[in-house]
Amino acid sequence: MTARTPTGNPGAATAPGPSRTPGHWPDITNSDEISTRYAALMRERARRVLVMQSIRASLQEQPNGRAVFECARRWVADIFRTADEVAKNKRETRT
């Protein structure tokens, strides 16, 4: 349950960040931390979209359904092989 202030605005005294008028979104244009995190999120999203479009294009080039699944298995195997290498390198650098 949210504590109420004498004015009746729930959580007004305990809400983190700058104060704002109820019913309005906080102004995040001045916050460097939020801008930095948002930019990182958008870069990661763009990277993921680019990779998925590349995989889709590769799958669409296949002549039939069976070839599509064989190609998908190769993509998955390559991804897991790469993940194993990266994980191994991270374990080695940690010790």
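You'll find the structure just up there.
Helices and strands together make up the secondary structure of the protein, namely 2 helices and 0 strands. Every one of the 95 residues in the protein was classed for burial, and the buried ones make up 6%. Taken as a whole, the protein presents about 9,000 Å² of accessible surface, with 58% of it coming from carbon and sulfur.

Moving on, we get to the side chain of serine 58. As for its position among the elements, serine 58 is in helix 1 (residues 32-60). Overall, serine 58 belongs to the buried group, its relative accessible area being 17%. Among residues more than four places away in sequence, those in contact with serine 58 are Cys71 and Trp75.

Bringing the packing of helix 1 against helix 2 (residues 65-94) into the picture now. Between helix 1 and helix 2, whose axes approach to 9 Å, the crossing angle comes to 145 degrees. Handedness of the helix 1/helix 2 crossing: right-handed. Packed against helix 1, whose contacting residues are Ser54, Ile55, Ser58 and Leu59, the element helix 2 presents Val68, Cys71, Ala72 and Trp75 at the interface. Along the lines of polarity and charge, the residues of the contact of helix 1 with helix 2 split into 6 nonpolar, 2 polar and no charged.

Now for the pattern of salt bridges. According to the stated counting rule, one finds 3 salt bridges in the structure shown. Put simply, glutamate 44 and arginine 47 hold a salt bridge, and the shortest N to O gap is 2.5 Å. Pair noted here: glutamate 44 and arginine 47 are both in helix 1, with a separation of 3 residues, about one helical turn. When the shortest N-O distance is used, the salt bridge between arginine 66 and glutamate 70 registers 3.5 Å. Residue arginine 66 and its partner glutamate 70 are both found in helix 2; the two are separated by 4 residues, about one turn of the helix. Relative accessible area serves as the criterion here: at 66%, arginine 66 is assigned to the exposed category.

Relative to the 44 Å expected for 30 residues at 1.5 Å per residue, helix 2 spans 43 Å between its end C-alpha atoms, a close match to the ideal helical length. At the N-terminal boundary of helix 2, the capping side chain belongs to asparagine 64, with an oxygen 3.2 Å from the backbone nitrogen of arginine 66.

Conventions we followed
- Sequence order as written defines the numbering, with residues in each chain counted from 1.
- In view of the model being predicted, local features appear only for residues whose pLDDT reaches at least 70, and side-chain atom pairs are presented and counted only at 80 or more, with totals across whole chains, interfaces and linings using the full set of residues.
- Only hydrogens and water are removed before side-chain values are computed, so all heavy atoms of the structure are retained for them.
- Numbered from the N terminus, helices here are DSSP runs of H or I no shorter than four residues, and strands are runs of E no shorter than two.
- Buried, partly exposed and exposed residues are distinguished by accessible area as a fraction of the type maximum, computed with a 1.4 Å probe on protein chains only: under 20%, between the cut-offs, and over 50%, respectively.
- Surface accessibility follows the Shrake-Rupley procedure with a 1.4 Å probe radius. Residue values consider only the protein chains on display as shielding.
- Contacts are assigned to residue pairs with any non-hydrogen atoms lying within 4.5 Å of each other.
- Where helices are involved, their axes are fitted lines through C-alpha atoms of the stretch in contact, as for all axes, and angles between N-to-C directions lie from 0 to 180°.
- The handedness criterion is simple: a crossing whose near helix is rotated anticlockwise from the far helix by less than a right angle is left-handed, and one whose near helix is rotated clockwise is right-handed.
- All residues other than Ala, Val, Leu, Ile, Met, Phe, Trp, Tyr, Cys, Pro, Asp, Glu, Lys and Arg, Gly among them, are scored as polar; the first ten of these are nonpolar and the last four charged.
- The term salt bridge refers to a side-chain nitrogen of Lys or Arg lying within 4 Å of a carboxyl oxygen of Asp or Glu.
- By definition here, a helix of n residues has an expected span of 1.5 Å times n minus one.
- Two N or O atoms form a polar contact when they lie within 3.5 Å of each other; inside protein one atom must be a possible hydrogen donor and the other a possible acceptor, and for residues adjacent in sequence the pair counts only when both atoms belong to side chains.

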